[in-house]
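Okay, here's what each chain looks like letter by letter:
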Amino acid sequence: MRVITGSAKGRRLFTLEGDDVRPTTDKVKEAIFSIIHFDIDGSAVLDLFSGSGQLGIEALSRGAKHCTFVDMARESVKVTTENVKNTGFSEKASILNTDSIGYLKTCRLTFDIALLDPPYRKGLIIETLPLLEKHMSNRGIVVCEHEIGLELPDEVGRLKKAKTYKYGKIEVTVYRIPFGDIAEI
């Protein structure tokens, strides 16, 4: 794994070993960032179910102002911490070892971009979206990487499904808050 472009271009990233690990391929990562590249600069990013942190690090490399990494696996947090340090983004990162759903229930932050790549076939995206919607800015974008065939809702609060892209056995669904939608406070 490596950082594809930006200030940390080419830097190698560590990943976890094992059958349960499913790092985002370079092809899918490149596609995700092609979709959102105009929205990254200066954004506050949430890398939920962060694993090795590669999606959030890619966002930081491309100009995001800050990324919050959340994962409940202690080993994932160790790898993310090492990757953030090795790419020079420690001052732009918050790394939390906690349950993603629990984090969203207590979080007080607002994000411009949320990157979700949870374990497949556990219903976590469907459970997460309503909680996450409340934490998205008025320019909010949510990118969900998931198994092919997962049916996601067309709308979740202010979030509207923009498009689903297919890459082999993986799909990427993008939600956006349409221009002009304002959260009720």
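This section reports on the structure supplied with the text. (Residues numbered from 1 in each chain as written. Predicted model: local features only at pLDDT ≥ 70, side-chain atom pairs only at ≥ 80, totals over all residues. Heavy atoms only, no water.)

## Brief notes about the overall build of the protein chain
Part 1 of the argument: Helix and strand counts for the protein chain stand at five helices and eight strands.
Part 2 of the argument: Counting from the amino terminus, helix and strand elements in the protein chain follow one another as α-β-α-β-α-β-α-β-α-β-β-β-β.
Part 3 of the argument: In terms of C-alpha radius of gyration, the protein chain reaches 15 Å, essentially the compact-globule figure of 16 Å for 185 residues.
Part 4 of the argument: Based on the C-alpha atoms only, the size of the protein chain along its principal axes is roughly 40 × 35 × 30 Å.
Part 5 of the argument: Buried residues in the protein chain amount to 49% of all 185 residues.
Part 6 of the argument: Sequence separation of at least 24 residues holds for 63% of the intrachain contacts in the protein chain that already meet a minimum separation of 6. (Helix = DSSP H or I, 4+ residues; strand = E, 2+ residues; numbered from the N terminus. Rg over C-alpha atoms; globule rule 2.2 N^0.38 Å. Buried < 20%, exposed > 50% of the residue type's maximum accessible area, 1.4 Å probe, protein only. Contact = heavy atoms within 4.5 Å.)

## Some points on the pattern of salt bridges
Part 1 of the argument: For the structure on display, the rule yields 10 salt bridges.
Part 2 of the argument: For arginine 176, the salt bridge identified is with aspartate 39, shortest N-O distance 3.4 Å. Within this pair, whereas arginine 176 is found in strand β8 (residues 170-176), its partner aspartate 39 is found in the loop between α1 (26-36) and β1 (44-48), the two being separated by 137 residues in sequence.
Part 3 of the argument: By relative accessible area, which is 21% here, aspartate 39 ends up partly exposed.
Part 4 of the argument: A salt bridge links aspartate 154 to lysine 161, with the nearest nitrogen and oxygen atoms 3.7 Å apart.
Part 5 of the argument: The exposure class of lysine 161 is partly exposed, given its relative accessible area of 27%.
Part 6 of the argument: Members of the salt-bridge network, linked through shared partners, are Lys29, Glu58 and Arg62. (Salt bridge = Lys/Arg side-chain N within 4 Å of Asp/Glu carboxyl O.)

## Things to note about the environment of threonine 80
Part 1 of the argument: Mapped onto the secondary structure, threonine 80 falls in helix α3 (residues 74-87).
Part 2 of the argument: The buried category is assigned to threonine 80, whose relative accessible area is 1%.
Part 3 of the argument: Note: C-alpha distance between threonine 80 and threonine 15 (65 residues apart in sequence) is 8.4 Å.

## Focus on the nonpolar core
Part 1 of the argument: Of all hydrophobic cores here, the largest spans 30 residues; its most connected members are Ile32, Phe33, Ile36, Leu115 and Val143.
Part 2 of the argument: Listing elements by their share of this core, those giving two or more residues are α1, α2 (54-61), β2 (66-71), β4 (111-116), β5 (136-147) and β8.
Part 3 of the argument: Looking at this core element by element, the count peaks at six residues for α1.
Part 4 of the argument: Those residues within four positions of leucine 115 in sequence are excluded, and the remaining contacts are Phe33, Ile36, Val45, Leu46, Asp47, Leu48, Leu55, Gly56 and Val143.
Part 5 of the argument: Formed by 24 residues, the second largest nonpolar core is a distinct cluster that contains Leu48, Tyr103, Leu124 and Leu159. (Core = buried A, V, L, I, M, F, W, Y, C linked by side-chain atoms within 4.5 Å.)

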